[in-house]
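Structural overview for review
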Amino acid sequence: MNQTVTIRVRIVVTALLIAGVIFCGSACFHDNRPGQDALSPGNVSFNFEIRPILSDKCFKCHGPDANHREAHLRLDIADSAYAPLKELKGAFAVVPGKPEQSELIRRVTSSDPTYMMPPPDAHLGMLNDQEKRLFKRWIEQGARYERHWAFTVPVKGPLPDIRDKSLARNEIDYFILDKLDKIGLTPAGEADKERLFKRLCLDITGLPPTLVMMDRFMADNRPDAYEKWVDELLQMPQYGEKMALHWMDVARYADSYGYQDDNIRTQWPWRDWVIHAFNENMPYDRFLTWQIAGDMLPGATREEILATAFFRNHKYTEEGGVIPEEYRVEYLIDKTKTFGKGILGITIECAQCHDHKYDPFSQRDYYSLLAFFNNTKEAGYEGDVSTSKPAKSPILLLTDSDRRNTLSFIKWTDTASMMVSVMGERDTLRKSYLLSRGRYDAPAQEVYPSAPPAIMAYDTSRYPRNRLGLAEWTVSKQNPLTARVFVNQLWQELFGKGIVRSAGDFGMQGDLPSHPELLNWLAADFMEHGWDIKRLVKQLVTSATYRQSARITPDKLEKDPDNKYLSRGPRVRLPAESIRDLVLASSGLLVKTIGGPSVKPYQPKGLWESATSGRGVLATYLQDHHDSLYRRGLYTFIKLTVPPPSMAIFDASNRDQCEVRRLNTNTPLQALAMLNDPMVLEASRVLAQKLTAGSASGKEKIVEAFRLILCRRPSEKEIGALEGYYNEELSGYRSKRLDAARTINVGEYPIDRNVDADASAALTRVINALYNLEETITKT
């Protein structure tokens, strides 16, 4: 076995010994659908107990989609369910109060394959006994239908009456404690200060705390010390970067156009604006309004126009021989999906070719929504790769004067002008049509801009039929989705999963909220307080729920295995970009410059070259150098056809479409990446040389490295394991069994030739082991 393999095996074994155990994380999945709990003793809820069963088992043939409806029966609305069945004289699907006379009960309880529902050939599965009993009780209680929970305006209901109010730090905790009490669980105690501070810093700034910050926090005994630290972290410019990361996924931000030639584009000034908007605590309603229709505001400023680049981040073809109208429609479809999924949390794209099969969105509703975007100046095709421009019309031309004055947040040292793709309206109105089967060349009846009425009526006396009207409709306090969806996304970022787990689907097929009253309360409170994002973040992280220890007991593992009810603190792996940030920050390599063009750090050779047409400036990967190698993950250059491999391995979005929730997998490739990534190896070497250059003892150096990387003090047992590993490695280097030069000769950061090479190589191995601990890349 060669030296490199031996060292890597040693690192893995040592890391496992120190960590003690590798947890399963989110690889363990538990059913989050309703109907899994015990049969509720009170009134049966249509929204939370009956509709989910209908959606799973019945709506395929008896739902909103008229083209696939059987027997002229709709079970998603009361009028149809109560009406006489057209194909069975004298029978009714549902007779309120009389289950024995309801055809629905007869069908779902039948064992006759020619009569039972769902029919065997539908492959939807039979109802279980509990579901059958639910249906019977619901009909006995009057078979009352309810408007879908997500389409009702959120209101702040009264706080639950909990037994021990001393456990609650703010209103959030009342709802969590009430649910825990009902399922027979108690909350975990507060996390120890070191682990809690690491969690807090990573959640607010995306960076680990420095040693100075840790020492200050541990010594801070003010009664309101935690809240003061939250305020301090929220004022750091890194907060804007952390918040912007999720919004890049929503906005499908990338640095290239995609498709075959995949040439470069310059949308990064919009990314700088997003960071700036979060740091300035721009209210969420204004944040959305500018991005949806900033160019249509009266006397629109250049900043407001720049914000509309949100809708221009989609892929754009430069291939020859395409049909421009086909691609223009593709871009409209992308905008409609991004608006629906990212802002409203609905799967409106499912109504592109036919009526939605589960949600009350018709195909006409879909194209009425798409019509808001149909009047832009954007073309379907604008020149091939040989004449490629870094932006496509309509274009905002940014000058040096803009950057020095009104747009000073854009970080660009060059004095040349720069182009950004933005939104812009035509002078004349373009007609919009429903497209048969979603085909660009099959227009049917004409449609006019309007939003889905099932969500909220689009009152044309208040809202003009254009994007500005759509923005006003979106941020209306009567809109039931906008605030709920954003609150849920932010909850997801902090707790690992949303109150509604399916963050991009608040419809019938989406997951039900684990705490519906809490989601309603938070959404209403968010709007009531001016859509204040920083206030919402503080509200969440100062709750006792957030501050819980992540320790798990056998009882909690049995009753709440997926932490659905928040019986303990979140234990979630960091997103891909934050793993990079943690490594760079803890080693001292991180360049904290805010904003600017994307950078190209280390990447395996040949990836771009093996997946290129050979045309354009991105045919070959030209790695950056110096400070550009050590920027935050947010600024890593994203080529759509070849996303950054180190990011993809850790489940980063590939940015080819709107994404509101990343996967969270555990794979061997992730361990291999942490062991072999040049950035991790270089960071290990740089930190080791910095520590070796000092006068501290070997033990002190190990403790400092441990604190920098894991953000807590090691136990004596951990120190012993690490010292033993260090001494073993040092012996190997001193005896020349191991080659110190090979170990430290990694990366472009200058090597310090004045320090003991053997000692720094041995410490490099210890630090590399620390970076490979599960705890290192986990929030708690």
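Residues numbered from 1 in each chain as written. Predicted model: local features only at pLDDT ≥ 70, side-chain atom pairs only at ≥ 80, totals over all residues. Heavy atoms only, no water.

Details of the overall build of the protein
- Assigned secondary structure in the protein consists of 31 helices and 4 strands.
- The C-alpha radius of gyration of the protein comes to 29 Å, within 12% of the 28 Å expected for a compact globule of 780 residues.
- Each of the three principal axes of the protein carries a C-alpha extent, and together these read 95 × 65 × 55 Å.
- With 780 residues in all, the protein has 57% of them scored as buried.
- Expressed as a percentage of contacts within the protein between residues at least 6 apart in sequence, the contacts between residues at least 24 apart total 70%. (Helix = DSSP H or I, 4+ residues; strand = E, 2+ residues; numbered from the N terminus. Rg over C-alpha atoms; globule rule 2.2 N^0.38 Å. Buried < 20%, exposed > 50% of the residue type's maximum accessible area, 1.4 Å probe, protein only. Contact = heavy atoms within 4.5 Å.)

Concerning unusual backbone geometry
- Residue P118 is bonded to the preceding M117 through a cis peptide linkage, with omega at -5°.
- The residue P118 is located in the loop between α5 (103-109) and α6 (129-140) in this model.
- Cis rather than trans, the peptide bond between S393 and P394 has omega equal to -5°.
- If you check the backbone angles, N563 has positive phi at about 55° while not being a glycine.
- Positionally, N563 belongs in the loop between α22 (554-559) and α23 (576-587).
- If you check the backbone angles, H626 has positive phi at about 60° while not being a glycine.

Topic: the side chain of S45
- Structurally, S45 is set in the loop between α1 (3-19) and α2 (46-57).
- Since its relative accessible area comes to 17%, S45 is described here as buried.
- A polar side-chain atom of S45 sits 3.1 Å from the main-chain amide nitrogen of F48.
- Apart from residues lying up to four places away in sequence, S45 is in contact with I50 and E146. (Polar contact = N/O pair within 3.5 Å; in protein donor to acceptor, adjacent residues only side chain to side chain.)

Comments concerning the environment of L369
- Mapping L369 onto the fold places it in helix α16 (residues 363-370).
- Accessibility expressed as a relative area gives 0% for L369, which makes it buried.
- Counting along the chain gives 33 residues from L369 to T336, while the straight-line C-alpha distance between them is 7.1 Å.
- Not counting residues up to four positions away in its chain, the partners in contact with L369 are T336, F339, I348, S450, P452 and L470.

Describing the environment of Y635
- Structurally, the position occupied by Y635 is in the loop between α24 (607-610) and α25 (645-649).
- Sequence spacing of Y635 and P597 is 38 residues, and the spatial spacing of their C-alpha atoms is 7.3 Å.
- Discounting chain neighbours no more than four positions away, the residues touching Y635 are E241, R271, I275, T593, I594, G595, G596, S598 and V599.
- Polar contacts involving the side chain of Y635 include one to the side chain of E241, which spans 2.5 Å.

Overview of the packing of aromatic side chains
- Inspection of every chain in the model, using the stated rule, returns 41 aromatic pairs.
- Aromatic side chains W247 and F287 sit 5.2 Å apart centroid to centroid with 55° between the ring planes, which places their arrangement in the tilted category. Note that W247 is positioned in helix α11 (residues 238-250) and F287 in helix α13 (residues 284-293), a separation of 40 residues in sequence.
- Given the relative accessible area of 1%, W247 is considered buried.
- Of the residues examined, F287 reaches a relative accessible area of 1% and is grouped as buried.
- Measuring from ring centre to ring centre gives 5.6 Å for Y259 and Y327, while their planes differ by 80°; the resulting arrangement is edge-to-face. (Phe/Tyr/Trp six-rings, centres within 6.5 Å; stacked < 30°, edge-to-face > 60°.)

Structural notes on the nonpolar core
- In terms of nonpolar packing, the biggest core is built from 181 residues, with W247, W270, W273, F339, W473, W491 and Y771 touching the most fellow members.
- Per element, the largest residue contribution to this core is 9 residues, and it comes from helix α31 (residues 757-771).
- Those residues in contact with W273, other than ones at most four positions away along the chain, are M282, F287, W290, Q291, E303, L306, A307 and F409.
- Among the nonpolar cores identified, the runner-up in size contains 26 residues, and V44, F46, A91 and V108 belong to it. (Core = buried A, V, L, I, M, F, W, Y, C linked by side-chain atoms within 4.5 Å.)

Details of the packing of helix α15 (residues 324-344) against helix α19 (residues 482-495)
- Two numbers describe how α15 lies on α19: the axes approach to 8 Å, and their chain directions differ by 70°. Classified by the interaxial angle, the pair formed by α15 and α19 is roughly perpendicular. Seen from α15, the contacting residues are G342, I343 and L344; seen from α19, they are T482, V485 and Q489.
- Among the residues making up the contact of α15 with α19, the classes are represented as 3 nonpolar, 3 polar and no charged. (Axes fitted to C-alpha atoms, helices over the stretch in contact; angles between N-to-C directions. Parallel < 35°, antiparallel > 145°, perpendicular 65-115°, else oblique. Nonpolar A, V, L, I, M, F, W, Y, C, P; charged D, E, K, R; others polar.)

So, the packing of α15 against α16
- Where α15 meets α16, the closest approach of the two axes is 9 Å, and the angle between their N-to-C directions is 100°. Relative to α16, the element α15 lies roughly perpendicular. In this structure, α15 uses L332, I333, T336 and F339 to contact α16, whose residues at the interface are Y366, L369 and L370.
- Looking at the contact of α15 with α16 residue by residue, the classes come out as 6 nonpolar, 1 polar and no charged.

Concerning the pattern of salt bridges
- Going through the model one piece at a time under the given rule, you end up with 49 salt bridges.
- Note that R195 is salt-bridged to D192, the shortest N-O span being 2.8 Å.
- Overall, R195 belongs to the partly exposed group, its relative accessible area being 30%.
- Across the pair E577 and R662 runs a salt bridge, and its minimum N-O distance is 2.8 Å. Of the two residues, E577 sits in helix α23 while R662 sits in the loop between α25 and α26 (668-676), which places them 85 residues apart along the sequence.
- Several salt bridges share partner residues, and in doing so they unite K156, D525, E528 and R535 into one network. (Salt bridge = Lys/Arg side-chain N within 4 Å of Asp/Glu carboxyl O.)

These values are about where atoms sit, not about what they do.
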